[in-house]
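Take a look at the letters that make up each chain.
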Amino acid sequence: MSDAYEEIIAAPIAEAAHPHAGSFWGAIREALRGSHQDYTVGPIGRSIILLAIPMVLEMCMESIFAVVDIKWVSYLRPDAMATVGLTESMLTLIYALAIGLSIGATAMVARRIGEHDPDGAARAAMQSVFLGLIVAITLALIGAPLAPKLLGAMGATPSVVEHGVWFTRIMLGCNATVVMLFMINAIFRGAGDAAIAMRVLWLANALNIALGPCFIFGLGPFPKLGIAGAAVATNIGRGTGAIYAFSRLIRKGGRFEITRKHFRIETAIMGRLVKLSGTGTFQVFVGMASWIGLVRTISLFGTDALAGYIVGIRVILFALLPSWGMSNAAATMVGQALGAKKPERAERAVWLAGLYNMIVLGCVGLIFVILAPQIIWLFTSDPAVAPYGVDCLRIVACGFLFYAYGMVLTQSFNGAGDTWTPTIINLFCFWLLELPLGYALAVIFHFGPRGVFLAITIAFSSLAVVSAIFFRRGKWKLKVV
């Protein structure tokens, strides 16, 4: 490790330990309560803690939902799990748009907050909301009617299409709940109001978890809807969360105030947002579309392999989503620091956040490798499905140390408004490396589904290394948003 790199890491740690920074437990309480600290000044370590704790807890609830949801669905026939897997592969395209739009919203709002321009932040926030609504309505009008054909195109058997079409139709038709939840929470994160975003997602997913078994199995007064019930519960929960988030966005007393004058489309701001988010959307699309290709390859080996893969990936997401919380904290720090003309502070925050993420995710990865059979057994005891889940969990977890830094670095580029660099890296690592390698290992070299799992580990590890090289070059510091 170079002397320069050691200085980047050591300085924030020393700041965080400084007695004037306050106690660690005090920082946790402040983070959960909601902090109005100016993140462009003061100890970097404490700032990361204040931002990261609610963001990590926000993603923890998302992780819990993902695992609980697939647990309820696992009690249905294997076709139901296959339906969820295929539908969520299609929904990755919608998630790509939602996350891409949220990248632009976070970067623009964070930059305005760092510049101490609350009116500019309010204007950027409302244009983000308008843009999200336009996109969501368009996708619903196209996706819902085409649900059966889309499932068939993904390789679903006639039985999967027959039993799962309403799950797919509801999820595509009601995508606005997901898009708006992503968008408004991204605005809060960019502003530094991470605690509000945490409460929004906890509300949405708590409702989802509670309503899931009610609609799936018809508990009490609820209708028994089977797999379609999971979609109904999801959209009720996330729709409620989105409404609550919007009510908090327009409430007075935040870091910026939205008034009646902001409820109009401003083409100049929306144009900049579209340009920024367009690249971010393509960036996420490249990564998420690769999952569709991987699912298509795994589906060649039958429903059991596909179901095992879905279980394994859900458990992996349980670990990775909280790490996205740390990554989002780094993105907010970068955006606000650059707005305050403090690029060195932005860079130091990224390396420290990456170190924290690596320590935590490395420990989780070790647990997954050792206890993979026991963990997978919690979600399925089917002897035809479980071995695929175990292989997926063990092989992918081997790369967790790399993923930790890769996630932080990618989000930091985005927080700076440099969405092109991670887009190009994603294009190389996922489309030019992961997809061909996965097919070759699985089919040509006869590794089967295990070849796809190996390709995932290799691709994400490569992404982390390449991202670190580009980050150290520092061109992201010059980006104007």
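Preceding block: the structure.
Because the structure is predicted, anything quoted here is derived from the model rather than measured.

Caption draft 1: Fine view of the pattern of salt bridges. Taken as a whole and judged by the stated rule, the model has eight salt bridges. Of the charged contacts in the structure, one is a salt bridge between K261 and D119, with a shortest N-O distance of 3.4 Å. Taken together, the positions of K261 in the loop between α10 (227-249) and α11 (267-298) and D119 in helix α5 (residues 118-143) put the pair 142 residues apart, joining distant regions of the chain. Here D119 falls in the partly exposed class, since its relative accessible area comes to 29%.

Caption draft 2: Fine view of the nonpolar core. Counting 64 residues, the largest nonpolar core has Y309, I316, L361, F368, L393 and F400 as its most contacted members. By residue number, the principal contributor to this core is helix α4 (residues 78-114), which donates 11 residues. In this structure, I316 is in contact with F368, C392, L393, V396 and F400, ignoring residues within four places of it in sequence. Core analysis: the second largest hydrophobic core is formed by 39 residues, A105, L249, M270 and L321 among them.

Caption draft 3: Seen up close, unusual backbone geometry. Residue H116 is not a glycine yet carries a positive backbone phi of 60°. One can find H116 in the loop between α4 and α5. The class of H116 is exposed, set by a relative accessible area of 56%. Residue K341 is not a glycine yet carries a positive backbone phi of 65°. Secondary-structure assignment places K341 in the loop between α12 (303-339) and α13 (343-377).

Caption draft 4: Region of the structure containing the packing of aromatic side chains. This model, assessed by the stated rule, comprises 13 aromatic pairs. On the basis of an interplanar angle of 80° and a centroid distance of 5.8 Å, the ring pair of F285 and W431 is categorised as edge-to-face. Pair noted here: F285 is in helix α11 and W431 is in helix α16 (residues 420-444), with a separation of 146 residues, a long-range link. Aromatic side chains F413 and F471 sit 5.8 Å apart centroid to centroid with 75° between the ring planes, which places their arrangement in the edge-to-face category. Taken together, the residues F413 in helix α15 (residues 400-415) and F471 in helix α17 (residues 449-473) connect sequence positions 58 residues apart. Taken individually, F413 and F471 each receive the classification buried, so the pair is uniform in this respect. By the ring-pair criterion, three or more aromatic residues cluster together here, those being W351, Y405, F413, F471 and W476. Seen from the ring of W166, R169 lies directly overhead, with NZ or CZ sitting 5.0 Å from the centre.

Caption draft 5: Layout of the packing of α12 against α13. Between α12 and α13, the shortest axis-to-axis distance is 9 Å and the interhelical angle comes to 175°. Accordingly, the angle class assigned to the pair α12 and α13 is roughly antiparallel.

Caption draft 6: Here's a closer look at the packing of helix α9 (residues 194-217) against α10. Between α9 and α10, whose axes approach to 7 Å, the crossing angle comes to 155°. Overall, the two elements α9 and α10 adopt an arrangement that is roughly antiparallel. Pair α9 / α10 crosses with right-handed handedness. For the contact of α9 with α10, the residue count by class is 14 nonpolar, eight polar and three charged.

Caption draft 7: Fine view of the environment of A330. Locating A330 in the fold gives a position in helix α12. In this structure A330 comes out as buried when scored by relative accessible area, which is 2%. Excluding residues that lie within four positions of it along the chain, A330 makes contacts with A353, V408 and S412.

What counts, and at which threshold
Residues numbered from 1 in each chain as written. Predicted model: local features only at pLDDT ≥ 70, side-chain atom pairs only at ≥ 80, totals over all residues. Heavy atoms only, no water. Salt bridge = Lys/Arg side-chain N within 4 Å of Asp/Glu carboxyl O. Helix = DSSP H or I, 4+ residues; strand = E, 2+ residues; numbered from the N terminus. Buried < 20%, exposed > 50% of the residue type's maximum accessible area, 1.4 Å probe, protein only. Core = buried A, V, L, I, M, F, W, Y, C linked by side-chain atoms within 4.5 Å. Contact = heavy atoms within 4.5 Å. Phe/Tyr/Trp six-rings, centres within 6.5 Å; stacked < 30°, edge-to-face > 60°. Lys NZ or Arg CZ within 6 Å of the ring centre and 35° of its normal. Axes fitted to C-alpha atoms, helices over the stretch in contact; angles between N-to-C directions. Parallel < 35°, antiparallel > 145°, perpendicular 65-115°, else oblique. Left-handed = near helix turned anticlockwise from the far one by under 90°. Nonpolar A, V, L, I, M, F, W, Y, C, P; charged D, E, K, R; others polar.

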